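Listed below, chain by chain, are the residues.
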Amino acid sequence: MSLSGNESRDGFSSRFGIICATAGSAIGLGNIWRFPYIVGESGGGAFLLIYLAFILLLGIPVMLSEFTIGRRGQRNALGSFKRLAPRKPWYLVGVMGIVAAFMILAFYSTIAGWTLEYVSKALTNAFAGKSPEEINLMFVNFHTGTFWPLLWQFAFMAMTAWIILSGVQKGIEKYAKVLMPFLVVLLVIMALRAITLPGSGEGLSFLFRPNFAAIDSGVVLAALGQAFFSLSIGMGTLITYGSYIRKENNLGNISVEVSLADTLIAILAGVAIFPAVFAFGLDPADGPGLIFTVLPNIFQQMPGGYFFAIVFFVLLTIAALTSSISILEVVVAYMTEELKLSRRKATIMAAMAAAFVGVFCTLSFGLLQDVTISGLHVFGLLDFTASNLLLPLGGLLIVLFVGWYLSSSVVRDEISSGGMFKARFFAVLMFVLKFIAPVAIAIVLFDSLGII
Ligand code: PHE
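Predicted model only: the values in this text are computed from it and were never measured.

Turning next to the overall build of the protein. Along its length, the protein carries 18 helices and 2 strands. In terms of overall dimensions, the protein is globule-like: its C-alpha atoms have a radius of gyration of 21 Å, near the 22 Å expected for 452 residues. C-alpha extents for the protein along the principal axes are approximately 65 × 45 × 40 Å. The buried share of the protein, reckoned over its 452 residues, is 61%. For the protein, long-range pairs separated by at least 24 residues make up 84% of all intrachain contacts whose partners lie at least 6 apart in sequence. Summed over its atoms, the accessible surface of the protein is roughly 16,800 Å², and 69% of this surface lies on carbon and sulfur atoms. The positive charge centre, built from 27 side chains, and the negative charge centre, built from 23, are 13 Å apart in the protein.

Take a look at the structure:
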């Protein structure tokens, strides 16, 4: 039996389609919402340096490993491990990924719901003439509420499920293709507006001038978690997508290109946010609400701001959708292939379950804000557990699997597409996968947990 043949699975039709879908998964709220607020909480520049080092040293190798497992295994995150390592416990990495997918989908839909609310606020011109304080108050009033945050969260989850129901190729490829370049253009315009605001210089130095005094093991873990979250790695999303990639595509190039695009967009978001934070006298460590309290101020100061605000929040919603579908797809691919459920049933069940957990995330900013476990409310707890623990642990096991369990001839065969491409840097890659990446991830993870 050839494990790497393309059987009759649904797949990505073109190289451009894969890049778009993978970049669509990677680029999302992680870049524009999460990255700035984590940078803000972590003291700025020094965090950015560590983050970049993690993307290069760990992110790209883990991404390539996931693609390798998926394309070799030709199955979902769990099934690929079962197939490549029969009767071994490696499939538990897939199980962990499915758990992480549920958690992330739950809190992701909370924030995507906020984004939808801001589409509607932008449409009704709700930011016009408001001071930074009033814009802040508007956000507080909204996100501590019950009805609207939940309604928008359900709306977002329903959109995600609807796209998934229309199938891999048509569903994912079609939406990702056209719209992301527009988001980039818009971010550039917003960044230009932000850095020309009076008092914005402080923001740029916050982002780019490293202050190593701000670094402790918690910050290093946050950088690791953010790198994994932003690249969509560590939970089998890219194993699943890898299984849809055809043999004639070069996995190494795709990994590098997607990681680069993802990182550039995060930095671009940072350049739009931090100058504005300082120019408007706001607090960079404001937490998950950061973009919602900062960006409306920028739109106010832009010619055509009404129009830009609408387009921006719509595009952000779409960026969030191309990520959330990749998360739901992990669960649905598992349920259809391993549990033999119909795609329809699987999608509806998974989306409903994630929406149910999502209710608690959404309400943890209002009704349930006093319900905490070790100082974190439900939202914080799910985010921390999934992003900072499960993704790095998943990534650790994934590089160990590819570095040590798979034979290096199999890895070379997959990465070179059976000799079609030169596997440049192969020796370096194997060294990183065997030693550097697992040791680095383990140190960061176990150190911050107090295990070592
Ligand atoms: N990378 C996505 C983002 O930046 C989120 C995501 C995480 C998607 C994990 C898939 C898996 O928004």
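Under the defined criterion, the tally for this structure stands at 2 cavities of 30 Å³ or more. If you add up the space inside the largest cavity, you get close to 150 Å³. Along the walls of the largest cavity sit 15 residues, with S25, I104, F229, S232 and I327 positioned nearest its centre. When residues of the lining of the largest cavity are traced back to their parent elements, those giving at least two are α1 (15-26), α5 (91-123), α10 (217-231) and α14 (305-337). Considering each element in turn, the lining of the largest cavity owes the most residues, 3 residues, to α14. Split into classes, the residues belonging to the lining of the largest cavity amount to 8 nonpolar, 7 polar and no charged.

What follows concerns the nonpolar core. Core analysis: the largest hydrophobic core is formed by 162 residues, its most contacted members being F312 and F313. Sort the elements by how many residues they give to this core and α14 lands first, with 20 residues. If we skip the residues at most four places from it in the chain, F312 touches I32, L183, L186, L187, M190, L295 and F299.

All right, on to the packing of aromatic side chains then. Per the counting criterion, the structure on display carries 33 aromatic pairs. Centroid distance F47 to Y51: 6.3 Å. Interplanar angle 10°. Geometry classified as stacked. On the criterion of helical spacing, the pair formed by F47 and Y51 is a turn pair, its members being 4 residues apart in helix α3 (residues 45-73). By relative accessible area, F47 is classed as buried at 0%.

Looking now at the pattern of salt bridges. Here the structure, examined in full by the defined rule, presents 7 salt bridges. With a closest N to O distance of 2.7 Å, E117 and K121 form a salt bridge. Linking E117 with K121, this pair stays in helix α5, spanning 4 residues, or about one helical turn. Judged on exposure class, the residue E117 and its partner K121 are both buried. Between E414 and K247 there is a salt bridge, with its nearest N and O atoms 3.3 Å apart. Placement of E414 in helix α17 (residues 408-415) and of K247 in the loop between α11 (237-242) and α12 (251-279) is noted, with a sequence separation of 167 residues between them. In this structure K247 comes out as buried when scored by relative accessible area, which is 18%. A single network of salt bridges, built from pairs that share partners, joins R71, R72, K247, D413 and E414.

One rule of thumb: low pLDDT means the predicted coordinates there are not for detailed reading. In this model, the protein carries a mean pLDDT of 92, and residues with pLDDT of at least 70 account for 96%. Overall, residues 1-7 carries pLDDT values under 50, and its contacts beyond four positions in sequence, including any with other chains, amount to 18 contacts.

Phi angles above zero are rare outside glycine, and R87 is one such case at about 55°. Along the chain, R87 turns up in the loop between α4 (77-84) and α5. In this structure, S374 is a non-glycine residue whose phi angle is positive, near 40°. Of note, S374 is situated in the loop between β1 (372-373) and β2 (376-377). Of the residues examined, S374 reaches a relative accessible area of 72% and is grouped as exposed.

Right, let's talk about the site of the ligand for a bit. As a matter of local geometry, the ligand sits amid 15 residues, with A26, G30, Y108, F229 and S232 nearest to it. With respect to the ligand, the backbone of A26 contributes an N or O atom lying 2.7 Å from an oxygen atom. At 3.1 Å, a backbone N or O of S230 approaches a nitrogen atom of the ligand. For the ligand, the protein covers 100% of the area, taking 330 Å² as the surface of the free molecule. In terms of residue class, the shell around the ligand is made up of 6 nonpolar, 9 polar and no charged.

When the terminal C-alpha atoms of helix α7 (residues 147-165) are compared, their 27 Å separation across 19 residues agrees well with the 27 Å that a helix rising 1.5 Å per residue should span. Three or more residues of α7 are buried, namely P149, L150, W152, Q153, F156, M157, T160, A161, I163 and I164.

Reading guide: rules and limits
- Residues numbered from 1 in each chain as written.
- Predicted model: local features only at pLDDT ≥ 70, side-chain atom pairs only at ≥ 80, totals over all residues.
- Heavy atoms only, no water.
- Helix = DSSP H or I, 4+ residues; strand = E, 2+ residues; numbered from the N terminus.
- Rg over C-alpha atoms; globule rule 2.2 N^0.38 Å.
- Buried < 20%, exposed > 50% of the residue type's maximum accessible area, 1.4 Å probe, protein only.
- Contact = heavy atoms within 4.5 Å.
- Areas by Shrake-Rupley, 256 points an atom, 1.4 Å probe, with all protein chains shown as cover.
- Lys, Arg positive; Asp, Glu negative; His and termini not counted.
- Charge placed at Lys NZ, Arg CZ, Asp CG, Glu CD.
- 1 Å grid on protein atoms, 1.4 Å probe; cavity = no way out; pocket = protein on both sides within 12 Å on 5 of 7 lines; lining within 4 Å.
- Points joined across faces, edges and corners; volume = space filled by probe spheres on them.
- Nonpolar A, V, L, I, M, F, W, Y, C, P; charged D, E, K, R; others polar.
- Core = buried A, V, L, I, M, F, W, Y, C linked by side-chain atoms within 4.5 Å.
- Phe/Tyr/Trp six-rings, centres within 6.5 Å; stacked < 30°, edge-to-face > 60°.
- Salt bridge = Lys/Arg side-chain N within 4 Å of Asp/Glu carboxyl O.
- pLDDT = per-residue confidence, 0-100.
- Near = heavy atom within 4 Å.
- Polar contact = N/O pair within 3.5 Å; in protein donor to acceptor, adjacent residues only side chain to side chain.
- Expected span 1.5 Å × (residues − 1).

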